[in-house]
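Architecture at a glance
Here's the letter readout for the chains.
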Amino acid sequence: MASDEGPPCTVFRLRKAARKATRAYDQHMAATGIGIAQFGVLRVIAGADGASMSTIADVLDMDRTTLTRNVQPLIRDGLVTVGAGGDGRTRAVRITGEGRKALATAQGAWREAQARLRKSLGAAELDQLHALLSRLVERLPDD
């Protein structure tokens, strides 16, 4: 079996942890029909209802192409709509009534996944992880 050989690689460990956490959250949320990736996007859209694709991409620190790929299943399932923005040049993303219902249902499963992670790591360690990840996001350059 291959391992992380050589000097410790931060991004290797971050990506491995992210994949493992994604699987755990997706398992908890499977019955809702919304995976953790779509859940995060849907939460941002709900919080910034009517925002442009660019604004949402900025909040998620995601390029617009990736955001478009993540929004497509939400549009297909009737959870969000994309239409003309206020200035005619932008596209506004809005959550639908069905989207709000789906988000409310998914939030319960998300809370269960959060609780399981908190139990696995312990509250203090999880809080430290959140603080460390926040500092990493703030300090890493965008370029």
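The structure this text deals with has already been given above.
Conventions and cut-offs
Residue positions are counted from 1 within each chain, in the order its sequence is given. Thresholds applied to this predicted model are a pLDDT of at least 70 for local features of residues and 80 or more for the giving and counting of side-chain atom pairs; totals over whole chains, interfaces and linings are not thresholded and use all residues. Hydrogens are left out, water is left out, and the side-chain values use all remaining heavy atoms of the structure. Only runs of H or I of at least four residues qualify as helices and only runs of E of at least two qualify as strands under DSSP, and these elements are numbered from the N terminus. When accessible area is computed with a 1.4 Å probe and restricted to protein chains, residues below 20% of their type maximum are described as buried, those above 50% as exposed, and intermediate ones as partly exposed. Residue contacts are counted whenever heavy atoms from the two residues lie within 4.5 Å of one another. Identification of polar contacts relies on pairs of N or O atoms within 3.5 Å, with a donor-acceptor requirement for protein atoms, meaning one able to donate a hydrogen and the other able to accept it, and with residues adjacent in sequence counted only if both atoms are side-chain atoms. Put simply, buried Ala, Val, Leu, Ile, Met, Phe, Trp, Tyr and Cys residues joined by side-chain atoms within 4.5 Å make one nonpolar core.

1. Side note on the environment of Leu79
Tracing the sequence through the fold places Leu79 in the loop between helix H4 (64–76) and strand E1 (80–84). Take Leu79: its relative accessible area is 8%, and that puts it in the buried class. Setting aside its immediate chain neighbours within four residues, Leu79 contacts Ile34, Leu42, Leu74, Arg94, Ile95, Thr96, Glu98, Gly99 and Ala102.

2. Quick notes on the side chain of Asn70
Relative to the assigned elements, Asn70 resides in helix H4. Using a relative accessible area of 14% as the deciding quantity, one classes Asn70 as buried. Ignoring anything within four residues of it in the chain, the contact list for Asn70 reads Ala37, Gln38, Val41 and Met62.

3. Quick notes on the side chain of Thr96
For Thr96, the position within the fold is in the loop between strand E2 (91–95) and helix H5 (97–121). Residue classification places Thr96 among the buried positions, given a relative accessible area of 18%. One polar contact links the side chain of Thr96 to the main-chain amide nitrogen of Gly99, over a distance of 3.0 Å. In contact with Thr96, not counting residues within four places along its chain, are Gly78, Leu79, Val80 and Thr81.

4. Points about the environment of Leu129
In this fold, Leu129 is placed in helix H6 (residues 123–139). Leu129 gets classed as partly exposed once you look at its relative accessible area, which sits at 34%. Counting along the chain gives 12 residues from Leu129 to Pro141, while the straight-line C-alpha distance between them is 20 Å.

5. Some points on the nonpolar core
Counting residues in hydrophobic clusters, the biggest one holds 25 residues, and the most contacted among them are Leu42 and Ile45. Mapped onto this core, the elements with two or more residues apiece are helix H1 (10–29), helix H2 (36–47), helix H3 (53–60), H4, E2 and H5. Counting residues per element, this core draws most heavily on H2, at 6 residues.

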